[in-house]
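Each chain is listed here by its residues.
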Amino acid sequence: MMRLTLLLLLGLAVACSKTDTLGDEPPREVAISGQPTYENGVGELLKLKCGYCHVVPASDLSPDNIVTDLDLNQYETRLAGTQVVRGADSIGRWIKEGILDHGVNAFYNSADARQMPLDYGTPLTQAEKDALVAWSAVGSPKNSAVDPTGDKNNGAGPYFTYCVQCHDQGQGTFYGEQYYGAPIRRASITTAKVKSMWLYRVSQLDPAPNGYSLQPLDDQTAADIKAFMLDLSLLED
Ligand code: HEC
Ligand code: HEC
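What counts, and where the lines are drawn
Residues numbered from 1 in each chain as written. Chains lettered and ligands numbered in written order. Predicted model: local features only at pLDDT ≥ 70, side-chain atom pairs only at ≥ 80, totals over all residues. Near = placed C-beta within 6 Å. Nonpolar A, V, L, I, M, F, W, Y, C, P; charged D, E, K, R; others polar. Helix = DSSP H or I, 4+ residues; strand = E, 2+ residues; numbered from the N terminus. Buried ≥ 20, exposed ≤ 12 C-beta atoms within 10 Å, placed from the backbone. Contact = placed C-beta atoms within 7 Å. pLDDT = per-residue confidence, 0-100. Axes fitted to C-alpha atoms, helices over the stretch in contact; angles between N-to-C directions. Parallel < 35°, antiparallel > 145°, perpendicular 65-115°, else oblique. Core = buried A, V, L, I, M, F, W, Y, C linked by C-beta atoms within 7 Å. Left-handed = near helix turned anticlockwise from the far one by under 90°.

Trainee: It is not clear to me how the site of ligand 1 should be interpreted in this structure. Could you clarify?
Mentor: The immediate surroundings of ligand 1 are formed by 21 residues, with Cys 50, Cys 53, Ala 111, Met 116 and Gly 121 found nearest. Each residue belonging to the shell around ligand 1 can be placed in one class, and the counts come to 15 nonpolar, four polar and two charged.

Trainee: Before we go on, may I ask you to explain unusual backbone geometry in this structure?
Mentor: Glycine aside, a negative phi is what most residues show, and trans is what most peptide bonds show. The omega torsion of the bond from Val 56 to Pro 57 falls at -5 degrees, within 30 degrees of zero and hence cis. By secondary structure assignment, the location of Pro 57 is in the loop between helix H2 (38-49) and strand S1 (78-80). For the peptide bond that leads from Asp 206 to Pro 207, omega is 0 degrees, which places it in the cis range. Residue position: Pro 207 is located in the loop between helix H7 (191-200) and helix H8 (219-229).

Trainee: I tried to follow H7 on my own but got confused; where do I start?
Mentor: Residues lying three or four places apart along an α-helix face the same way, a consequence of the helix completing one turn every 3.6 residues. H7 sits mainly inside the fold: nine of its 10 residues count as buried. Those residues of H7 lying buried are Thr 191, Ala 192, Lys 193, Val 194, Lys 195, Ser 196, Met 197, Trp 198 and Leu 199. The inward-facing, buried residues of H7 abut S1, strand S2 (83-85), helix H3 (92-96) and H8.

Trainee: What is the right way to look at the confidence of the model for the chain in this model?
Mentor: Low pLDDT marks stretches whose predicted atomic positions should not be read closely. Looking at the chain, the pLDDT average stands at 91 and 89% of residues meet or exceed 70. A low-confidence stretch, residues 1-21 (pLDDT under 50), is modelled with nine contacts involving residues beyond four sequence positions or located in other chains.

Trainee: Would you mind showing me how to read the packing of H7 against H8 here?
Mentor: A pair of packed helices can be characterised by two numbers: the angle between their axes and the separation between those axes. The contact between H7 and H8 brings their axes to 9 Å, and the two run at 105 degrees. In terms of orientation, H7 lies roughly perpendicular with respect to H8. On H8, the residues that touch Thr 191, Val 194 and Lys 195 of H7 are Asp 219, Ala 222, Ala 223, Ile 225 and Lys 226. Classifying every residue of the contact of H7 with H8 gives four nonpolar, one polar and three charged.

Trainee: Please explain the nonpolar core as it appears in this structure.
Mentor: The tendency in soluble globular proteins is for nonpolar side chains to be buried side by side. Within the largest apolar cluster, 23 residues are counted, with the highest numbers of intra-cluster contacts made by Tyr 159, Val 194, Trp 198, Ile 225, Phe 228 and Met 229. Where this core is concerned, the elements lending two or more residues are S2, helix H5 (152-162), H7 and H8. Broken down by element, the residue count for this core peaks at six residues, all from H8. Apart from the residues within four sequence positions on either side, Tyr 159 is in contact with Val 164, Ile 225, Phe 228 and Met 229.

Trainee: Explanation requested: the packing of H2 against helix H4 (residues 126-137) in the structure shown.
Mentor: Where H2 contacts H4, the two axes come as close as 11 Å, and the packing angle between them is 120 degrees. With respect to H4, the element H2 is oriented oblique. As for the relative orientation of H2 and H4, their crossing is left-handed in sense. Facing H2, whose interface residues are Gly 41, Val 42 and Leu 45, H4 presents Glu 128, Ala 131, Leu 132 and Trp 135. Tallied by class, the residues present in the contact of H2 with H4 amount to five nonpolar, one polar and one charged.

Trainee: Looking at this structure, I do not really get the site of ligand 2. What am I missing?
Mentor: Inspection of the region around ligand 2 gives 27 residues, with Cys 163, Cys 166, Ala 182, Ser 188 and Met 197 positioned closest. The set of elements that each furnish at least two residues to the shell around ligand 2 consists of H3, helix H6 (164-167), strand S4 (178-181) and H7. For the shell around ligand 2, the element with the highest residue contribution is H7, accounting for four residues. Looking at the shell around ligand 2 residue by residue, the classes come out as 15 nonpolar, seven polar and five charged.

What follows is the structure, given as structure tokens:
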């Protein structure tokens, strides 16, 4: 067993040094100027420094123990048959919890994750880290398009059926020491994130709430839920 593990580790080190070694060249930095959006540099950065491991289906470089449903080469969380494949729209809260600086074991039903990228991957520069943190703080947007307007009266019903169990008034809920649902920053409430949560976290509820089926949520309902959530009394700023 010991020998097998060692061999595997050696194999991994060799596999990674091939791709990650740039000789004497410093690793390339993705410069992001202006508002950080997925289309304005963040996507390119995630592809370059995260997406060679976080790709679905997994690549030769994806370590064995990796989460198999996170693809950082795309923005939207999507359905592939009956599998939910999370995209970059899903990682805002992980960045907020500090995954670029230290491990994060904050969320129930999630990996006990080490600092990202893993230490044998190409590191982020400080400027890249700052850009990802700034992107998360403004709600991890795809681009600068404005979200469609919703009706909060229509959003209340879906919020109480599909989201309140985990998020309560916005302060989140606990399962032991971990968040069952995270606290919610006001800026993180975007229609993209609502749609992403609909596929990813709502599908984890057991039993499934009445009326839930694993299909993408329509834009209007997402906008209505968003409008309702902006009035929650315990949001983080
Ligand atoms: C060398 C491969 C590798 C690279 C590069 C990498 N990751 Fe990871 N990532 C992993 C593995 C493996 C896990 C599973 C947890 C662990 O083993 O620490 C993981 C877990 C995660 C998780 C937790 C997902 C969950 O739902 O439980 C997030 C979020 C994450 N990575 C984000 C990133 C981001 C952002 C980057 C780029 C800045 C990145 N990772 C780069 C291998 C990698
Ligand atoms: C099973 C529990 C669960 C359910 C159900 C759930 N969430 Fe979440 N939510 C989480 C967890 C855990 C996180 C943090 C990790 C992540 O993003 O996956 C989170 C993160 C969020 C965030 C980002 C918070 C931040 O500050 O970045 C928003 C916004 C959000 N959820 C909205 C919703 C909406 C809208 C619904 C209903 C459609 C919903 N959630 C349903 C558990 C849940």
